[in-house]
Amino acid sequence: MAVMLGSRQLKGGGGNGGLSRQWVSFFCVSSFILGVLVVNRFWDVPQQVDVEEDTLDFQSHQKRELEQTTDCNKKARTLLSKKEIFLIKFHKLTMNLDKTISTLEMQLASARAAKAGNQEGSPVITKPGTEHSKNREKVFYVMGIMTAFSSRKRRDSIRSTWMPKGENLKKLETEKGIVMRFVIGHSETPGGVLDRLIDAEEKQHNDFLKLNHVEGYHQLSTKTQIYFKTVVALWDADFYIKVDDDVHINPGMLGSTLARQRSKPRVYMGCMKSGPVLHKRVKYHEPEHWKFGEEGNKYFRHATGQLYVISKDLATYISVNRHILHRYANEDISLGSWFIGLDVEHINDQTLCCGTAPDCEWKAQAGNPCAASFDWSCSGICKSVERMKEVHERCGEGDGAVWQSNF
């Protein structure tokens, strides 16, 4: 309209009432810009609405996909959880089955060992006219205290301290399932003076386990082997223990320590060490040192000989396979070698090798009472005959502790 007006004015001449060309151009440009602004305003609103609708649709779609994904994850987790539960139950069932089979195998092996022992002749020296019961007594642990003909005073020092005597010894066996015996063989001339002295001592105390074995320091590996064969045939125990006669024992604490290992099938327990293989002819010399490699090598890990514990399965294994188990000069090395290659749990328990006072006192005050004490420098209690009472007073658990313990 402005254009038409300007045209008319231009056609009417260049009078004062007309518009100049500049104003006509200005009005044309202004009209164009105004038209563009108006058109853009009306077009932007639908486009913005469409974008918002598209955004809402996209968000709604994402939400549905997220919900579907969450549902799938929940279902997957549920399925995975059910699978895990099934696998756990299956694993437990397999473990229980393996344990049952292992127990049956050991019971069968033990029965065979007992039968073989009866056929070969008793490994225990018995008095004329007496026989051992074929039904093995079920007990908690059997402790064999290794002793010698010359160790009468050592035995008396133990009887007067940590080992019950007379009726109390029998009561300990029947009420607590704890068997304690001094273990000894016979002399090279059975029935000689040394054997008669042991017979007289046995008559007085009734606390010996006499083996069909020739006594001798260099025969300790053989004695250990026959000991385990013998006790397996006589008692059905959870644990079998070997201890020297110059070591102090707290029977109650020892029982509590062993009770924690009852569920394990093959346990070899003690203070584990790995000493050097001695090539030169000194104490603890190893005649078969060449089997352990070059000079300066060390032995494999094994329990120190003052005290060690093995579970029923391992004692039965020794009893059944004793004829093919190699015996080294040192009995603790022999025992450790018999378990190499077997699925055995080695338990290093330092409460089984505490020092004498003040070491045992410090550990008791710290809440770690000792099950056994001796002096490492003497491989036992130094001057044990004279010091056993003192060690018992300072390291002992108290005479009533074993009776109050619940295994």
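Structure shown above.
Along each chain, numbering runs from 1 in the same order as the chain's sequence is written. Confidence filtering applies because this is a predicted model: local features only for residues at pLDDT of at least 70, side-chain atom pairs given and counted only at 80 or more, and all residues used for totals across whole chains, interfaces and linings. To obtain the side-chain values, all non-hydrogen atoms of the structure were included, while hydrogens and water were left out.

1. A few points about the state of the cysteines
- Cysteine sulfurs are considered disulfide-paired once they come within 2.5 Å of each other. Counted according to the given criterion, the structure contains four disulfides.
- Each disulfide pairs two cysteine sulfurs, and for Cys-354 the partner residue is Cys-370, the sulfurs being separated by 2.1 Å. As the torsion about the S-S bond is roughly -90°, the Cys-354-Cys-370 disulfide counts as left-handed. Highlighted residues: Cys-354 in the loop between strand S8 (345-348) and helix H10 (359-365) and Cys-370 in the loop between H10 and strand S9 (372-373), separated in sequence by 16 residues.
- In this model, Cys-360 is linked to Cys-395 through a disulfide, with the two sulfur atoms separated by 1.9 Å. When the S-S torsion is -60°, as for the bridge of Cys-360 with Cys-395, the disulfide is left-handed. Taken together, the residues Cys-360 in helix H10 and Cys-395 in helix H11 (residues 384-395) connect sequence positions 35 residues apart. A run of H or I in DSSP becomes a helix once it reaches four residues, and a run of E becomes a strand once it reaches two; helices and strands are each numbered from the N terminus.

2. Brief notes about the packing of helix H3 (residues 152-159) against H11
- Axis separation between H3 and H11 bottoms out at 9 Å; the angle between their running directions is 10°. It follows from the interaxial angle that H3 and H11 lie roughly parallel. From H3, Lys-153, Arg-154, Ser-157 and Ile-158 reach across to H11, where they touch Ser-384, Val-385 and Met-388.
- Here the residues of the contact of H3 with H11 sort into three nonpolar, two polar and two charged. Orientation is described by axes fitted as lines to C-alpha atoms, over the contacting stretch for helices, and by angles from 0 to 180 degrees between their N-to-C directions. In this scheme, roughly parallel covers angles under 35 degrees and roughly antiparallel covers those over 145, while 65 to 115 is roughly perpendicular and the rest are oblique. Only heavy atoms matter for contacts: two residues are in contact if any of them lie within 4.5 Å across the pair. Under the convention adopted here, Pro, Cys and the residues Ala, Val, Leu, Ile, Met, Phe, Trp and Tyr are nonpolar, Asp, Glu, Lys and Arg are charged, and Gly plus all remaining residues are polar.

Any functional reading would require information beyond the geometric quantities listed.
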